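Observations on chain architecture
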Amino acid sequence: MVKKIAAMGAAVMMMASISAMGASAYTDLEKNGAYCTAYKSSSSSVYASTSTKDGSKKTVGVNIVLYYTKSGNTLNTGSGNSYTRGVSTTCSTPSGGTFKSATITHKLNNATVYTGYLV
């Protein structure tokens, strides 16, 4: 019974930390050999970067899909970049649009190492 309660408590804490992370930026989050960073750089722009944890010449990539509303419709735009050791990209809401959220995908050697969300 004690183990079950402890496991449930850990699961609730993990869910709370994930939902809290979704609403805020994350900086130098270490995931599977990569540092992942993302934050809203303004009310309508998102910045994201990925770099190798060990500084090696492995290929890293980052992709942003930014969701926004314009004239009552939900639309999206995106940006992405890849290179060796480290890379970054910025994506902005088009003129007349209102930022809703963003999905950021960080990659290391073409494999997704982390997907983050900003709202």
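Everything below is about the structure printed above this text.
What comes next concerns the included structure.

Reading guide: rules and limits
- Residues numbered from 1 in each chain as written.
- Predicted model: local features only at pLDDT ≥ 70, side-chain atom pairs only at ≥ 80, totals over all residues.
- Heavy atoms only, no water.
- Helix = DSSP H or I, 4+ residues; strand = E, 2+ residues; numbered from the N terminus.
- Buried < 20%, exposed > 50% of the residue type's maximum accessible area, 1.4 Å probe, protein only.
- Areas by Shrake-Rupley, 256 points an atom, 1.4 Å probe, with all protein chains shown as cover.
- Contact = heavy atoms within 4.5 Å.
- Pairing = 2+ DSSP bridges.
- Axes fitted to C-alpha atoms, helices over the stretch in contact; angles between N-to-C directions.
- Polar contact = N/O pair within 3.5 Å; in protein donor to acceptor, adjacent residues only side chain to side chain.
- Salt bridge = Lys/Arg side-chain N within 4 Å of Asp/Glu carboxyl O.
- Core = buried A, V, L, I, M, F, W, Y, C linked by side-chain atoms within 4.5 Å.

**Some words on the overall build of the chain**
Broken down by element type, the chain carries one helix and eight strands. Sequence-ordered secondary structure for the chain, helices as α and strands as β, is α-β-β-β-β-β-β-β-β. Across the 119 residues in the chain, those meeting the buried criterion constitute 29%. Accessible area of the chain: about 7000 Å², with a carbon and sulfur share of 55%.

**A short note on the side chain of T93**
Mapped onto the secondary structure, T93 falls in the loop between β6 (86–92) and β7 (98–108). The class of T93 is buried, set by a relative accessible area of 11%. Ignoring sequence-local partners within four residues, the contact set of T93 consists of S44, L66, Y68, T98 and F99.

**Points about the sheet that holds strand β8 (residues 111–118)**
What the four strands build is an open sheet, ordered β5-β4-β7-β8; its pairing is antiparallel. The open sheet has two edge strands with one neighbour each: β5 (73–84) and β8. Adjacent strand axes in the sheet meet at a mean angle of 15° when their direction is disregarded. By the bridge criterion, ten bridges tie strand β4 (residues 59–70) to β7 in an arrangement that is antiparallel. When the sheet's bridge partners are listed, V60 is paired in β7 with L108.

**A closer look at the side chain of T50**
For T50, the location among the structural elements is in strand β3 (residues 45–52). Polar contacts involving the side chain of T50 include one to the main-chain carbonyl oxygen of G61, which spans 3.3 Å. Every residue in contact with T50, bar those within four places of it in the chain, is listed here: A34, Y35, V60, G61, V62, R85, G86, V87, H106 and K107.

**With respect to the pattern of salt bridges**
The full count for this structure, using the stated rule, is two salt bridges. Notably, a salt bridge pairs D54 with K58, separated by 3.6 Å at the nearest N-O pair.

**What to know about the nonpolar core**
Judged by nonpolar contacts, the single largest core of 21 residues is most densely connected at Y26, V46, I64, L66 and I104. Listed by contribution, the elements that provide at least two residues to this core are β1 (26–31), β2 (34–40), β3, β4, β6, β7 and β8. When residues in this core are grouped by element, the largest group, five residues, is from β4.

**A short note on the sheet that holds β2**
A sheet is described by the order of its strands in space; here four strands give the open sequence β1-β2-β3-β6, paired in antiparallel fashion. Sheet topology places β1 and β6 at the edges, where each strand pairs with a single neighbour. Across this sheet, the average inter-strand angle for adjacent strands is 15°, counted without regard to direction. Two elements, β2 and β3, share seven bridges in a ladder whose sense is antiparallel.

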